[in-house]
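Chain and residue survey
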Amino acid sequence: MSTISIVIPAHNEAGNIGALVQEILATRLECEIVVVDDASTDETHATLLALKKTVPTLKIVQHDRSYGQSAAVSTGIRHASGELIATMDGDGQNDPADIPKMVQALLQSGDKNLKMVAGFRKKRDDAAWRIISSKIANAYRRFFLRDETPDTGCGLKVFYRAAFLNLPFFDHMHRFLPALIKMQGGEVISVEVGHRARTHGVSKYGTLNRLWVGIVDIFGVCWLRMRAKNVKITRCD
């Protein structure tokens, strides 16, 4: 069985992070939990330190200032010890109970080239404007990137750590992980997952911010894809 690390980026999620860690423990999945505190200004870090006293598998990493979600995800993965990485948002809207089936889908696929299982929030518990903006952004991504992934914005993903470390890093890259994995020659499948309403705190991203940044970054990823070369080695003596 591959070792698993669950990586959670968190910025001002004091009201959510404690319950989320407890939910992960309730899955009885043998894993390391890595929470990256992206320079929160609330009680997020204090909450994590209190949890650490009773959760020895919890690893806390803190940024000196807020670098954003992609940087927090990257930091968590680089500090993780698992061969497999499961990422999820720190706002509690992803359900940890979905992680075991995603891990199983990856490990039991029989496809050695499968590198990622992406979550698909078919039924979202969000405001209508958030759902609409997400659908627009996903439609643009699918059209330009041909990544065949219906919901690249879902934070719940399971993939091999080594595959991630081979990817180019840039801000907002977490929204393009399926396309980047496929750019490197890997395969990606999607699995339907649950989605829940946020109960504490507020979203860190607005509709216009998501759409504009997403559209600009799509062209950057298109450029990377055109320049990418997949070198296959047939023999090494």
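Here the structure is shown first, and the text comes after it.
Notes on the structure follow. (Residues numbered from 1 in each chain as written. Predicted model: local features only at pLDDT ≥ 70, side-chain atom pairs only at ≥ 80, totals over all residues. Heavy atoms only, no water.)

1. Looking at the overall build of the protein chain
Broken down by element type, the protein chain carries 8 helices and 7 strands. Counting across all 237 residues of the protein chain, residues that qualify as buried make up 49%. Across the protein chain, contacts joining residues at least 24 apart in sequence account for 79% of those joining residues at least 6 apart. (Helix = DSSP H or I, 4+ residues; strand = E, 2+ residues; numbered from the N terminus. Buried < 20%, exposed > 50% of the residue type's maximum accessible area, 1.4 Å probe, protein only. Contact = heavy atoms within 4.5 Å.)

2. As for the layout of surface pockets
Taken as a whole, the second largest pocket holds about 230 Å³ of empty space. Residue lining of the second largest pocket: Asn113, Lys115, Tyr160, Ala162, Ala163, Asn166, Ile181, Gln184, Gly185 and Gly186, and that is the complete set. Partitioning the lining of the second largest pocket into residue classes produces 4 nonpolar, 5 polar and 1 charged. (1 Å grid on protein atoms, 1.4 Å probe; cavity = no way out; pocket = protein on both sides within 12 Å on 5 of 7 lines; lining within 4 Å. Points joined across faces, edges and corners; volume = space filled by probe spheres on them. Nonpolar A, V, L, I, M, F, W, Y, C, P; charged D, E, K, R; others polar.)

3. Let's talk about the packing of aromatic side chains
Using the criterion set out here, one finds 2 aromatic pairs in the structure. Consider the rings of Phe170 and Phe176, whose centres lie 6.5 Å apart with planes at 40 degrees: the pair is tilted. Here the two residues Phe170 and Phe176 agree in accessibility, since each one is buried. Across from the ring centre of Tyr160, 5.8 Å away, lies the NZ or CZ of Lys115, which sits over that ring. (Phe/Tyr/Trp six-rings, centres within 6.5 Å; stacked < 30°, edge-to-face > 60°. Lys NZ or Arg CZ within 6 Å of the ring centre and 35° of its normal.)

4. Some remarks on the side chain of Thr75
Position of Thr75 among the secondary structure elements: in helix α3 (residues 69-79). Residues contacting Thr75, with those up to four places away along its chain left out, are Val36, Val61 and His63.

5. Concerning unusual backbone geometry
Although it is not a glycine, Arg28 sits at a positive phi angle of roughly 60 degrees. Looking at the element boundaries, Arg28 is found in the loop between α1 (14-26) and β2 (32-37). One non-glycine residue, His172, lies in the positive phi region at around 75 degrees. Structurally, His172 is set in the loop between α6 (161-165) and α7 (177-183).

6. Regarding the environment of Ile189
Looking at where Ile189 falls in the secondary structure, it is placed in strand β7 (residues 187-192). On the basis of relative accessible area, Ile189 is assigned to the partly exposed category, the value being 35%. Sequence spacing of Ile189 and Ala105 is 84 residues, and the spatial spacing of their C-alpha atoms is 8.9 Å. Look past the residues within four positions of Ile189 in its chain and what remains in contact with it is Leu114, Met116, Val117 and Ala118.

7. Observations concerning the nonpolar core
Counting residues in hydrophobic clusters, the biggest one holds 54 residues, and the most contacted among them are Ile6, Ile8, Ile33, Val35, Met88 and Ile99. A total of 5 residues in this core trace back to one element, the largest contributor, which is strand β1 (residues 4-10). (Core = buried A, V, L, I, M, F, W, Y, C linked by side-chain atoms within 4.5 Å.)

8. Structural notes on helix α4 (residues 99-107)
Of the residues making up α4, those classed as buried are Ile99, Met102, Val103 and Leu106. For α4, the angular spread of the buried residues around the axis is 100 degrees, confining them to a single face. (Arc of directions from axis to C-beta.)

9. What about the pattern of salt bridges?
Across all of its chains, the model carries 7 salt bridges by this definition. Arg198 is the partner of Asp91 in a salt bridge, and the nearest nitrogen-oxygen pair spans 3.7 Å. A residue pair is termed long-range when its members are at least 10 positions apart, and Asp91 in the loop between β4 (84-87) and α4 and Arg198 in the loop between β7 and α8 (207-227) qualify at 107 residues. A residue is classified by how much of its surface remains accessible, and Asp91, at 12% relative accessible area, is buried. Judged by relative accessible area, Arg198 falls into the partly exposed class, the value being 22%. Note that Arg121 is salt-bridged to Asp151, the shortest N-O span being 2.7 Å. (Salt bridge = Lys/Arg side-chain N within 4 Å of Asp/Glu carboxyl O.)

10. Some details on the sheet that holds strand β6 (residues 157-160)
Strand order in the open sheet formed by 7 strands is β3-β2-β1-β4-β6-β5-β7, with mixed pairing between adjacent strands. Where the open sheet ends on each side, the last strands, each with one partner, are β3 (58-62) and β7. Each adjacent strand pair in this sheet contributes to an overall mean axis angle of 20 degrees, direction not counted. Pairing of β1 with β4, which is carried by 4 bridges, proceeds in the parallel orientation. Across the sheet, the residue bridging to Ile4 is Leu84, located in β4. Contacts between α3 and the sheet are confined to β1, β2, β3, β4 and β6, with β1 contributing the most and set at about 150 degrees to the helix. (Pairing = 2+ DSSP bridges. Axes fitted to C-alpha atoms, helices over the stretch in contact; angles between N-to-C directions.)

Scope: geometric values only; no functional claims are made or implied.
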